[in-house]
Amino acid sequence: MKTIIYMVRHGESPYDEGTERTRGLTPKGKIDIEKVTRILINEGIDMIISSPYSRAILSVEGLAEHLNLDIKVFEDLRERHFASSLIDHAELMTGIRESFNDPNYTLPGGESNAACQNRAISVLKPIIEEYRGKKIAVGTHGIVMTLMMNYFDSAFGLEFANQLTKPDIYKMQFEGLELKKVTRLWND
């Protein structure tokens, strides 16, 4: 019995310092998310879960409305916390690269890849087990999505994360907790 997880990376979001939880989608992001809904609407999705961040919820909200499903929000699906203070883009990219070389690496006050992966998988694994044979859409973010996928297949690492788009959709097919197949559904 196959369980299907649809990882839905959020649409384009305006980057404003200090609004990590509440920032929404850009006009382009909103248009792209309409396409996400069209792609997934006939997949037979049974359940929708999401990160608590607005941009992730907004990215699956149209689908939830069309399917008349509630979005179950899980705090532990939030994006990885990179550092306790503002850092520039170059420092962030160096930190991300280093964290894929060493899963326990973290910038000051930040969260490691290992910690982020553990908290996200503590949500995803029980859902895969409890909803065996069902189809679940997950509103998510680039790094946490990569880390969840990496838990089941180490081929999903930094190179994969670097090629993701906003939005993006990956269909993961499981038998039990074994990942059998991954298909990209988004095409821009």
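Conventions we followed
Along each chain, residues carry numbers from 1 onward, in the same order as the chain's sequence is written. Local features are withheld for residues below a pLDDT of 70 in this predicted model, meaning they are given only at 70 or higher, and side-chain atom pairs are given and counted only at 80 or more; totals for whole chains, interfaces and linings count all residues. Just so you know, side-chain values use all the structure's heavy atoms and leave hydrogens and water out. Think of it this way: any DSSP run of H or I at least four residues long counts as a helix, any run of E at least two long counts as a strand, and we number them from the N terminus. Helix span, expected: 1.5 Å multiplied by one less than the number of residues in the helix. Exposure is judged per residue with a 1.4 Å probe applied to protein chains only, and the accessible area is read against the type maximum: over 50% gives exposed, under 20% gives buried, and values in between give partly exposed. The directions considered for the arc are those from the helix axis to the C-beta atoms. Contact definition: two residues touch when any of their heavy atoms are within 4.5 Å. Being paired, for any two strands, means DSSP has found at least two bridges between them. Throughout, an axis means a line fitted to C-alpha atoms (over the contacting stretch in the case of helices), and angles, computed between N-to-C directions, take values from 0 to 180 degrees. Here roughly perpendicular refers to angles of 65 to 115 degrees, roughly parallel to angles under 35, roughly antiparallel to angles over 145, and oblique to all remaining angles. Crossing handedness is read from the near helix: turned anticlockwise from the far helix by less than a right angle, it gives a left-handed crossing, and turned clockwise, a right-handed one. The nonpolar class holds Ala, Val, Leu, Ile, Met, Phe, Trp, Tyr, Cys and Pro. Asp, Glu, Lys and Arg form the charged class, and all remaining residues, Gly among them, are polar. Stacked, edge-to-face and tilted are the three classes for Phe, Tyr and Trp ring pairs, Trp counted by its six-membered ring, which pair at centre distances within 6.5 Å; planes under 30 degrees apart are stacked, over 60 edge-to-face, the rest tilted.

Asker: Could you clarify how one ought to interpret helix H3 (residues 89–101) in this entry?
Answerer: Because each turn of an α-helix spans 3.6 residues, side chains separated by three or four positions in sequence point in the same direction. A rise of 1.5 Å per residue sets the reference length of H3, with its 13 residues, at 18 Å; its end C-alpha atoms lie 19 Å apart and thus fit the reference within 8%. Looking only at H3, the buried set comprises Gly95, Ile96, Ser99 and Phe100. Taken down its axis, H3 places every buried residue within 135 degrees of arc, on the same side. Away from the buried face of H3 by more than 90 degrees, exposed residues Ala90 and Asn101 are located. Buried positions along H3 lie against helix H4 (113–130), helix H5 (142–152) and helix H6 (158–163).

Asker: Got a minute to help me understand the sheet that holds strand E1 (residues 2–9) in this structure?
Answerer: Through backbone hydrogen bonds, the strands of a sheet pair up, either in parallel or in antiparallel fashion. Read from one edge to the other, the open sheet built from six strands follows the order E3-E2-E4-E1-E5-E6, with strand pairing classed as mixed. Every other strand in the sheet has two partners, leaving strand E3 (71–73) and strand E6 (178–184) as the edge strands with one partner each. Direction aside, neighbouring strands of the sheet carry axes that sit 25 degrees apart on average. As judged from the four bridges shared by strand E2 (residues 47–50) and strand E4 (residues 135–140), these two strands associate in the parallel manner. Directly across from Ile48, in E4, lies its bridge partner Ala137.

Asker: Help me understand the packing of H4 against H5 in this model?
Answerer: Between two packed helices, the angle of one axis relative to the other and the distance separating the axes together describe the packing. Direction vectors running N to C along H4 and H5 enclose 70 degrees, while the axes themselves pass 9 Å from each other. Here H4 is positioned roughly perpendicular relative to H5, judged by the angle of their axes. For the crossing formed where H4 meets H5, the hand is right-handed. Residue-level inspection shows Asn113, Cys116, Gln117, Arg119, Ala120, Ile121, Leu124, Lys125 and Ile128 of H4 in contact with H5, the latter providing Ile143, Val144, Leu147, Met148, Asn150, Tyr151 and Phe152. Broken down by class, the residue content of the contact of H4 with H5 amounts to 11 nonpolar, three polar and two charged.

Asker: Explain the pairing of E6 here, please?
Answerer: As a general feature of sheets, a regular strand has side chains that alternate between the two faces. In this structure, strand E5 (residues 168–175) lies alongside E6, joined through six bridges in antiparallel fashion. Its bridge partner lying in E6, Phe174 is registered against Leu179.

Asker: I'm lost on the packing of aromatic side chains in this one. Help?
Answerer: Two aromatic rings are characterised by how far apart their centres lie and by the angle between their planes. Summed over all chains, the structure comprises four aromatic pairs. Measuring from centroid to centroid gives 4.8 Å for Phe152 and Phe174, while their planes differ by 75 degrees, and the two rings are edge-to-face. Taken together, the residues span a long stretch of sequence, with Phe152 in helix H5 and Phe174 in strand E5 at a distance of 22 residues. Their ring planes at 85 degrees and their centres at 4.8 Å tell us that Phe156 and Phe160 sit as a pair that is edge-to-face. Phe160 matches Phe156 in its accessibility class, with the two residues each being buried. Joined through ring pairs, the aromatic side chains of Tyr151, Phe152 and Phe174 make up one cluster.

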